[in-house]
Amino acid sequence: MFNKRKLIWDKLQRKNTDKIPFTMYKFLLPYGQEERELREQGLAVIPSQYIHEEINPNTRISRSKEFKGSKLTIKETWENCYGKVTKKSRIEPGHQSEFIVEHFIEEDPDYKVVEKTLKERQYIPSFEKYNRGDERLGEDGIYFARGKKTPYQRAFVEYTGIEKLSYDLHKEKEEVFSFLETLQEKHLELINTIAESKAKLIHIDDNITAPMIGKDRFNKYCKPAYKKYTDIFAQTGKKIIVHMDGKLSDLSEEIANSHFPVVEAFTPPPDGDMKVETAIELWDDKVIWMNYPASILIKPKKEIAEFTKNLVEKIGDADNVILGITEDVPEEKIYPSVSTILSVLYG
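Report on the accompanying structure.

Criteria and thresholds
- Residues numbered from 1 in each chain as written.
- Predicted model: local features only at pLDDT ≥ 70, side-chain atom pairs only at ≥ 80, totals over all residues.
- Heavy atoms only, no water.
- Phe/Tyr/Trp six-rings, centres within 6.5 Å; stacked < 30°, edge-to-face > 60°.
- Buried < 20%, exposed > 50% of the residue type's maximum accessible area, 1.4 Å probe, protein only.
- Axes fitted to C-alpha atoms, helices over the stretch in contact; angles between N-to-C directions.
- Helix = DSSP H or I, 4+ residues; strand = E, 2+ residues; numbered from the N terminus.
- Parallel < 35°, antiparallel > 145°, perpendicular 65-115°, else oblique.
- Left-handed = near helix turned anticlockwise from the far one by under 90°.
- Contact = heavy atoms within 4.5 Å.
- Nonpolar A, V, L, I, M, F, W, Y, C, P; charged D, E, K, R; others polar.
- Pairing = 2+ DSSP bridges.
- Salt bridge = Lys/Arg side-chain N within 4 Å of Asp/Glu carboxyl O.
- 1 Å grid on protein atoms, 1.4 Å probe; cavity = no way out; pocket = protein on both sides within 12 Å on 5 of 7 lines; lining within 4 Å.
- Points joined across faces, edges and corners; volume = space filled by probe spheres on them.
- Arc of directions from axis to C-beta.
- Core = buried A, V, L, I, M, F, W, Y, C linked by side-chain atoms within 4.5 Å.

1. What about the packing of aromatic side chains?
So, point 1. The final tally for this structure, using the stated rule, is 16 aromatic pairs.
So, point 2. Between Tyr 25 and Phe 27, the ring centres sit 5.7 Å apart and the planes meet at 25°, which makes this aromatic pair stacked.
So, point 3. Since its relative accessible area comes to 10%, Tyr 25 is described here as buried.
So, point 4. Each member of the aromatic cluster is reached from another via a ring pair, and the members are Trp 78, Phe 104, Tyr 111, Tyr 159 and Phe 179.

2. Observations concerning the packing of helix H6 (residues 162-170) against helix H8 (residues 210-234)
So, point 1. H8 packs onto H6 with a crossing angle of 60° between their chain directions and a minimal axis gap of 13 Å. In this view, H6 runs oblique relative to H8, as classed from their interaxial angle. Handedness of the crossing formed by H6 with H8: left-handed. Contacts between H6 and H8 involve Ile 162, Ser 166, Leu 169 and His 170 from the first element and Met 212, Arg 217 and Tyr 221 from the second.
So, point 2. Taken together, the residues that form the contact of H6 with H8 break down as 4 nonpolar, 2 polar and 1 charged.

3. Some points on the sheet that holds strand E15 (residues 321-325)
So, point 1. The strand order across the open sheet formed by 9 strands is E2-E1-E15-E14-E13-E12-E11-E10-E3, and the pairing between neighbours is parallel. Of all the strands in the sheet, the pair left with one neighbour each is strand E2 (44-46) and strand E3 (48-50). Within the sheet, the average angular offset between the axes of one strand and its neighbour, ignoring direction, is 30°.
So, point 2. In this sheet, strand E11 (residues 201-204) lies alongside strand E10 (residues 144-146) in parallel orientation, the contact comprising 2 bridges. Bridging from a neighbouring strand, Ala 145 pairs with Ile 202 of E11.

4. Looking at the environment of Leu 169
So, point 1. Along the chain, Leu 169 falls in helix H6.
So, point 2. Leu 169 gets classed as buried once you look at its relative accessible area, which sits at 9%.
So, point 3. Those residues in contact with Leu 169, other than ones at most four positions away along the chain, are Tyr 152, Val 176, Phe 177, Leu 180, Arg 217 and Tyr 221.

5. A word on the sheet that holds strand E8 (residues 98-102)
So, point 1. Pairing is antiparallel across the open sheet formed by 4 strands, whose spatial order is E5-E6-E7-E8. The sheet is open, and its two edges are formed by strand E5 (60-68) and E8, each paired on a single side. Taken pair by pair, the neighbouring strands of this sheet meet at an average axis angle of 25°, ignoring direction.
So, point 2. Where E5 lies against strand E6 (residues 71-80), 9 bridges are found, and the strand directions are antiparallel.

6. Observations concerning the pattern of salt bridges
So, point 1. Counting across every chain of the model gives 25 salt bridges.
So, point 2. Connected through salt bridges with shared partners, the residues Lys 4, Glu 35, Arg 39 and Asp 140 form a single ionic network.

7. Details of the layout of surface pockets
So, point 1. Estimated volume of the largest pocket: approximately 1,800 Å³.
So, point 2. Lining the largest pocket are 47 residues; nearest its centre among them are Glu 98, Arg 146, Lys 149, Val 157 and Asp 205.
So, point 3. The biggest single contributor to the lining of the largest pocket is helix H5 (residues 151-160), with 6 residues.
So, point 4. Across the lining of the largest pocket, the residue classes tally to 18 nonpolar, 13 polar and 16 charged.

8. Focus on helix H2 (residues 33-41)
So, point 1. When we look at burial in H2, the residues that qualify are Glu 35, Leu 38 and Arg 39. Seen along its axis, H2 keeps its buried residues to an arc of 100°; they face one direction. Exposed and oriented more than 90 degrees from the buried face of H2 are Gln 33 and Glu 40.
So, point 2. Buried residues along H2 sit in contact with helix H1 (4-12), E2 and helix H13 (331-346).
So, point 3. Positioned one or two residues after H2, Gly 42 has a phi angle of 130°, which is positive.

9. Quick notes on the nonpolar core
So, point 1. Counting residues in hydrophobic clusters, the biggest one holds 102 residues, and the most contacted among them are Phe 22, Met 244, Trp 283, Trp 289 and Tyr 292.
So, point 2. It is H8 that contributes the most residues to this core, 10 residues altogether.
So, point 3. Other than its neighbours up to four places away in sequence, Trp 283 contacts Leu 248, Ser 252, Ile 255, Ala 256, Val 263, Phe 266, Met 274, Ile 288 and Asn 320.

10. Side note on unusual backbone geometry
So, point 1. That bond from Pro 269 to Pro 270 is cis: its omega, 15°, falls within 30 degrees of zero.
So, point 2. With phi around 55°, Glu 172 is a residue other than glycine that occupies positive phi space.
So, point 3. With respect to the helices and strands, Glu 172 occurs in the loop between H6 and helix H7 (174-194).
So, point 4. Glu 172 gets classed as exposed once you look at its relative accessible area, which sits at 61%.

Put into structure tokens, the structure is as follows:
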């Protein structure tokens, strides 16, 4: 069996290889015999974890669970001298995905409570578990250190929701600009903490999709952040990997003109809206870590094999493409679908 870690690194460094790596997030892959067989066929696993701890010494943080039938809601409350804010999240039963139904910032006064709380937050390095895990993984794949979303993406995903953030930016409310500035300052602190680690691949899970962010806000908030983080990490041989799994055709030029090394989770048709050939040509200075479309993974094996052959043809001799699975797949489909793909890729 070939060295999968080396194959991925070679692709990340734009070296010519005789194989296309095929990867899968470790948390999506059920443990056991089938998982072992897939690894023996050539599947590279991608574990990931945060390599820092966050503490707020002056804030009381409480969490509670509420069940209504089979539906689980988790309530998290921050309480300190600045006030009290609460977030409520529904947990999807299949893959335990979180869907926020009530954000920390629901009313304008909540901005100050959250902002001042975040200003006091401390980031503590926690590298040992990552270092041990990366060493144990060996040649079986490659480890991501998680670097959190960039500030704008994090603002609406974790704190406000897209409706409130968009409305408040449109109204040019002072509170929202101050809040975003604080998020930027704190995220830079986190990036500098991660920069001290041995980790080489830093995953920024921005979940970029053009209809949600648009060109103006991408250029204003995301593009400068990517450049700043890329420059910091480059000093110690690290690369940022930006998770962009949405509709990207309307942002294709903006991404091309952004300074970062790896577009991750780019999804071609039928799930995405941008052709493989277009992405390879337009983003020729970046590695494209491509997500295999989930809608194909649930099809019969014959159709999966045919799609994979066509995909490999479209990739051609491009030296900047890695393939993988970054989205949830029904558990019963993982083994037959991934095994079929690996058979096409590696025989």
